[in-house]
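# Breakdown of the fold
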Amino acid sequence: MSKTIKKIGVLTSGGDSPGMNAAIRSVVRTCAFHGVECLGIYRGYQGMIEGDFKEMGPRSVNNIVNKGGTILKSARSKEFMTKEGRIKAHQNLVNAGVDALVVIGGDGSFTGAEVFNEEFDFPVMGIPGTIDNDIFGTSHTLGYDTALNTVVDCIDKIRDTASSHNRLFFVEVMGRDAGHIALNAGIGAGAEEILIPEEDLGLDRLLESLQKSKASGKSSSIVVVAEGDKMGKNVFELKDYIEQHLPEYDIRVSVLGHMQRGGSPSCFDRVLASRLGVKAVESLLEGKSNYMVGILQDVVTLTPLEQAIKGHYPIDLELLRVSDIMST
Ligand code: ATP
């Protein structure tokens, strides 16, 4: 029989994303609801190693559901990659009376949680918090929906200036390994072309498509490029290439960067964070461990951490077709 859980630790790790605070709030309040203590761990695994802790009750998470970032701060910890670091972290948790851990982060953070569980038989549960939406076992990660809305809002604004000056804009969005943001925000904002890591469109096709769009009477165009696009050129090199071949275009580049990670979470992300936090705590209390809580077809589900880390939530190829049709 698994040990009764009386105290749960919670941390945020890796890149921050909107909705992390709503998830912390949910974990803290679900603990309180079930009469379990909750310990906030600052700066991810590094704070665990340094014993940077704070007892948290339902009132310590007032007024954070609407805030971006993470009140617990986030960090990447090299020391946690070492056995010595993890031994220190484990000892600190034991000293603080913590029986189980909720890790809010991406696949790297889940790998750390899995290793920690394996080495110390310590119950862990993951909540996917990353804007990239690149984690298997959930159709949405925390922050993804907010990031989509931020990107669409930015492209709408860029379109105003693009159409006033008859310009072609390359807009680079986040997504080193996954094109979910580029593809969905691109369709939402009416981009002419969307370049994603999952598909190598090819420079010739891009040229052809831009020529076609000019010939069809479009005077301005937006091309959305995921940072991990496979054409082997960064967004500035792409601009130079197109400029050489289509000199009639006035081309500009806009790299959206870190603004995509910030901002108040969307309603969708707040609700998702609340649901995932409840499930994470209740699953630990039921004796489950080593899972990630996610959402699939609007049902909150558990996926073994190992699978969540190794797999990727695939791009919907139908969306590529829709994008092509919409740019007719
Ligand atoms: P993002 O998607 O924003 O990159 P992430 O959770 O994938 O978020 P990482 O920097 O990859 O971010 O991982 C966060 C932390 O998890 C690392 O700094 C490290 O402390 C821990 N971690 C990652 N991989 C391992 C591992 N193999 N063993 C132990 N700890 C690890």
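Residues numbered from 1 in each chain as written. Predicted model: local features only at pLDDT ≥ 70, side-chain atom pairs only at ≥ 80, totals over all residues. Heavy atoms only, no water.

What follows is about the overall build of the protein. Along the protein, the regular secondary structure elements total eleven helices and eleven strands. Relative to its length of 328 residues, the protein is compact, with a C-alpha radius of gyration of 22 Å against a globular reference of 20 Å. Projected onto its principal axes, the C-alpha coordinates of the protein cover approximately 70 × 35 × 30 Å. When each of the 328 residues of the protein is scored for burial, the buried share is 53%. The long-range share in the protein, meaning contacts at least 24 apart out of those at least 6 apart in sequence, stands at 76%. Total accessible area on the protein stands at roughly 14200 Å², and carbon and sulfur atoms take up 51% of it. Of the charged side chains in the protein, 34 are positive and 43 negative; the average position of the first set lies 6 Å away from that of the second. (Helix = DSSP H or I, 4+ residues; strand = E, 2+ residues; numbered from the N terminus. Rg over C-alpha atoms; globule rule 2.2 N^0.38 Å. Buried < 20%, exposed > 50% of the residue type's maximum accessible area, 1.4 Å probe, protein only. Contact = heavy atoms within 4.5 Å. Areas by Shrake-Rupley, 256 points an atom, 1.4 Å probe, with all protein chains shown as cover. Lys, Arg positive; Asp, Glu negative; His and termini not counted. Charge placed at Lys NZ, Arg CZ, Asp CG, Glu CD.)

This part covers the sheet that holds strand β5 (residues 124–128). Sheet architecture is open: seven strands sit in the order β3-β2-β1-β4-β5-β10-β11, paired in mixed fashion. Sheet topology places β3 (53–56) and β11 (299–304) at the edges, where each strand pairs with a single neighbour. Strand-to-strand twist of the sheet, defined as the mean angle between neighbouring strand axes without regard to direction, takes the value 30°. Strand contacts of helix α9 (residues 267–285): β1 (7–12), β4 (100–105), β5, β10 (291–296) and β11, with the helix running at about 170° to β5, the strand carrying the most contacts. (Pairing = 2+ DSSP bridges. Axes fitted to C-alpha atoms, helices over the stretch in contact; angles between N-to-C directions.)

A separate point is the nonpolar core. Core analysis: the biggest nonpolar cluster contains 31 residues, and Ile8, Val27, Val102, Ile104, Ile127 and Leu142 have the highest contact counts within it. Put simply, the parts of the chain that give this core at least two residues each are β1, α1 (20–33), β4, β5, α9 and β10. By residue number, the principal contributor to this core is α1, which donates seven residues. (Core = buried A, V, L, I, M, F, W, Y, C linked by side-chain atoms within 4.5 Å.)

Per the domain assignment, the segments making up the protein are domain 1 (7–143 + 265–310) and domain 2 (145–261). Using C-alpha coordinates to define each centre, domain 1 is positioned 35 Å away from domain 2. Taken together, the contact pairs 14 residues of domain 1 with eleven residues of domain 2. In total, domain 1 and domain 2 occlude about 1000 Å² of area from one another, counting both sides; carbon and sulfur atoms represent 51% of this. When residues of domain 1 are sorted by the area they lose upon contact with domain 2, Asp16, Ile131 and Asp132 head the list and together hold 46% of the total. Across the pair Arg261 and Asp16 runs a salt bridge, and its minimum N-O distance is 3.7 Å. A class-by-class count of the residues in the side of domain 1 that touches domain 2 yields four nonpolar, five polar and five charged. (Domains from an automatic or database assignment. Buried area = accessible area lost by both parts, 1.4 Å probe. Salt bridge = Lys/Arg side-chain N within 4 Å of Asp/Glu carboxyl O. Nonpolar A, V, L, I, M, F, W, Y, C, P; charged D, E, K, R; others polar.)

Before going further, it helps to examine the UniProt feature "active site" (unreviewed entry) in the protein. Under the UniProt annotation, "active site" (unreviewed entry) lies at Asp132. By the element assignment, Asp132 lies in the loop between β5 and α5 (144–165). Residue Asp132 is classed as buried on the basis of its relative accessible area of 14%. (UniProt positions renumbered as here; feature names shortened; annotations may be inferred.)

So, about the sheet that holds strand β7 (residues 193–195). Taking strand neighbours across the sheet as the criterion, the four strands line up as β7-β8-β6-β9 in an open arrangement whose pairing is parallel. On the outer flanks of this sheet lie β7 and β9 (250–255), each paired with one strand and no other. Put simply, the sheet's adjacent strands are angled 20° from each other on average, direction ignored. Looking at chain direction, β7 and strand β8 (residues 221–226) are connected through three bridges and run parallel. Across the sheet, Ile194 pairs through a bridge with Val224, a residue of β8. Across the face of the sheet, helix α6 (residues 180–188) comes into contact with β6 (167–173), β7 and β8 while running at roughly 170° to β7.

Within this structure, the stated rule accounts for 15 salt bridges. Between Lys88 and Glu79 there is a salt bridge; the shortest N-O distance is 2.8 Å. The class for Lys88 is partly exposed, based on a relative accessible area of 43%. Here the salt bridges share partners, and the residues they tie into one network are Lys7, Glu37 and Glu55.

With that settled, the discussion passes to the UniProt feature "binding site: ADP" (unreviewed entry) in the protein. Here, UniProt's "binding site: ADP" (unreviewed entry) annotation points to Arg25, Ser26, Val27, Val28, Arg29, Arg159, Gly190, Ala191, Glu192, Lys218, Ser219 and Ser220. For the residues just named, distributed over 196 residues, the greatest C-alpha separation reaches 53.3 Å, placing them at more than one site. Looking at the element boundaries, Ser26 is found in helix α1. Not counting residues up to four positions away in its chain, the partners in contact with Ser26 are Ala273, Ser274, Gly277 and Val278. Val27 has contacts with Val10, Cys38, Val102, Ile127, Gly277 and Val281, leaving out every residue within four places of it along the chain.

It is worth spelling out the pairing of β5 at this point. Of all five residues in β5, five are buried; the element is thus mostly enclosed. Relative to β5, β4 is paired through five bridges, and the arrangement is parallel. Along β5, the bridge assignment pairs Leu101 with Val124. For the crossover from β4 across helix α4 (residues 107–120) to β5, the handedness is right-handed. Strand direction decides the pairing type here: β5 and β10, joined by two bridges, are parallel. Paired with Met125 across the strands is Tyr291, a residue of β10. (Right-handed = clockwise from strand over helix to strand, strands pointing away.)

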